[in-house]
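What the coordinates show
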Amino acid sequence: MSLQNTPRGERLHIAVYGKRNSGKSTLINAITGQEIAITSPVAGTTADPVYQAMEVHPIGPCVFIDTAGFDDEGDLGKLRVAKTVETLSRADVAILVCAEDDLTQESAWLETLRARKIPTVVAVNQKGEDLSAKVEQELKLKPVVVNAKERIGTDELLRAICALLPEEFGAMSLTAHLVEKNDVVLLVMPQDKGAPKGRLILPQVQTIRDLLDHFCITVCTTLETLPQALGALKHPPKAVICDSQVFPEVERQTPKESILTSFSVLFARYKGDLSAFRRGADAIDRLKESDRVLIAESCTHKSQEEDIGRVKIPRLLRKKVGEGLTVDVVSGADFKKNLTDYALIIHCGGCMVNRAFVLSRIREAEAAGVPITNYGIAIAKLTGILDKIQD
Ligand SMILES: Nc1nc2c(ncn2[C@@H]2O[C@H](COP(=O)(O)OP(=O)(O)OP(=O)(O)O)[C@@H](O)[C@H]2O)c(=O)[nH]1
Ligand SMILES: [Mg+2]
């Protein structure tokens, strides 16, 4: 990811679904005005989902997800369809491309999209005869007619997507519920061995940006210089936001007048469902040594010496519950397997993924009847400070 670009997790994810050869990839090229996706008359040209970040008017920063046709067949085809199904968990909105007059599979797919509450625009790709009346009758949605090859109808399609977006989309803020213009906010950001060289991690960067957007005076410090930072301020800060790993030390030093919270709590609220995560954290009190806990990372990354998910949280859990506790770690798409084997799922903060993805993970855990929380909330619980953190 380039530091010049909007993080992928902040972009609207638009997934394009349809049968093989319906023109999904051609449509993405038409929208961008570039030949980025490979297209061909051979059915099954797009195999794995392709994520393409771009800026399009009037949507702004977004990611188009090009998928394999949902009608793919054979052993390999089934694997491709499974990959297409996986993309549903990341889709904020969908484009359903119809290009031939048997709409049975399109209807079934539309049902799936509805069940997942993914707002959908139906596009009729005008490859031959005009299908719009039939599509409208059978799918009960007024389609947008496009001709992907000639790049006709894409503006209307993008406007239709905008019209589907919930009003609050893009308007969510990390800190607006806590601060007002001119407030002084103190950020305590340890830069330990795990911190990347020469830059700040995404949650810190995004929090600073959000505070600046709300005209707050943002003061950054590490734990070592926290007393000096507090001493340099004329009044106690409106809020202190810290990394959850140093929460106990920061809590002891925070003036009573100041709100105290952590980056992970702000992100649990912004990117997930804080009350579900708080409920999930309560399951930590009920854990037994014979239980299994699943640590779920949303993306694969190189494990670090003091990795939060693989080292720090398992250590804290075993200290509380017993050394025999089983802790498994999964990355990325491996999540779904055997959720019911677990007494608790602890998910990463999801800094690289979008809100739709984290919410879909919460739904999957709830459907399996397994409590779910995230790294920051689990650490806060395990260090006995969760009750002291302001939402
Ligand atoms: N005439 C006409 N041909 C089109 C149109 N859209 C796509 N095609 C052609 O249809 C073929 C399939 O287009 P793709 O964009 O590769 O279709 P796809 O849905 O991505 O197909 P898979 O990747 O195989 O699932 C290509 O030869 C395109 O040039 C259109 O609007 N009109
Ligand atoms: Mg394709």
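Our subject is the structure listed above.
Not measured: the values here are computed from a predicted model.

This part covers the site of ligand 1. Taken together, 23 residues lie near ligand 1, and Lys24, Thr26, Gly44, Thr45 and Thr46 sit nearest. At 2.4 Å, a side-chain N or O of Thr26 approaches an oxygen atom of ligand 1. Interatomic distance of 3.1 Å between a backbone N/O atom of Ala148 and an oxygen atom of ligand 1. Calculation on ligand 1 without its partners gives an accessible area of 650 Å², and the protein chains cover 88% of this total. With three residues, the single largest contributor to the shell around ligand 1 is helix H1 (residues 24–32). Taken together, the residues of the shell around ligand 1 sort by class into four nonpolar, 14 polar and five charged.

So, about the coordination of the magnesium ion (ligand 2). Ser25 (OG) and Thr46 (OG1) make up the full set of protein donors to the magnesium ion (ligand 2), lying at 2.0 to 2.1 Å. Highlighted residues: Ser25 in helix H1 and Thr46 in the loop between H1 and strand E2 (50–56), separated in sequence by 21 residues. In terms of burial, Ser25 and Thr46 fall into one category: buried.

It is worth spelling out the sheet that holds E2 at this point. Here six strands make up an open sheet; going across it, the order is E2-E3-E1-E4-E5-E6 and the pairing mixed. The sheet terminates laterally at E2 and strand E6 (144–146), the two strands that pair on one side only. On average, adjacent strands in this sheet sit at an angle of 30 degrees to one another, irrespective of strand direction. Bridge count for E2 against strand E3 (residues 60–66) is seven bridges, and the pairing is antiparallel. By the bridge assignment, Val50 is partnered in E3 with Asp66. Those strands touched by H1 are strand E1 (12–18), E2, E3, strand E4 (93–98) and E6, and its axis lies near 160 degrees from that of E3. Sheet strands touched by helix H5 (residues 154–164): E1, E2, E3, E4, strand E5 (120–125) and E6. Its angle to E5, the strand with the most contacts, is close to 165 degrees.

This next bit is on the packing of aromatic side chains. Counted under the stated rule, the structure contains three aromatic pairs. Ring centres of Phe267 and Tyr270 lie 5.9 Å apart, and the angle between their planes is 80 degrees; this geometry places the pair in the edge-to-face category. Linking Phe267 with Tyr270, this pair stays in helix H9 (residues 263–271), spanning three residues, or about one helical turn. The class for Phe267 is buried, based on a relative accessible area of 5%. Grouping aromatic residues by their ring pairs yields a cluster made of Tyr17, Phe70 and Trp109.

Attention now goes to the side chain of Thr261. Counting through the fold element by element, Thr261 comes out in strand E10 (residues 259–262). Judged by its relative accessible area of 0%, Thr261 is buried. Not counting the four nearest positions on each side in its chain, Thr261 is found in contact with Leu178, Val240, Ile241, Cys242, Phe247, Leu266, Ile389 and Gln390.

Rules of the game
- Residues numbered from 1 in each chain as written.
- Chains lettered and ligands numbered in written order.
- Predicted model: local features only at pLDDT ≥ 70, side-chain atom pairs only at ≥ 80, totals over all residues.
- Heavy atoms only, no water.
- Near = heavy atom within 4 Å.
- Polar contact = N/O pair within 3.5 Å; in protein donor to acceptor, adjacent residues only side chain to side chain.
- Areas by Shrake-Rupley, 256 points an atom, 1.4 Å probe, with all protein chains shown as cover.
- Helix = DSSP H or I, 4+ residues; strand = E, 2+ residues; numbered from the N terminus.
- Nonpolar A, V, L, I, M, F, W, Y, C, P; charged D, E, K, R; others polar.
- Donors = N, O, S within 2.8 Å, 3.2 Å for Na, K, Ca; no water.
- Buried < 20%, exposed > 50% of the residue type's maximum accessible area, 1.4 Å probe, protein only.
- Pairing = 2+ DSSP bridges.
- Axes fitted to C-alpha atoms, helices over the stretch in contact; angles between N-to-C directions.
- Contact = heavy atoms within 4.5 Å.
- Phe/Tyr/Trp six-rings, centres within 6.5 Å; stacked < 30°, edge-to-face > 60°.

By themselves, these observations are geometric and do not establish any function.
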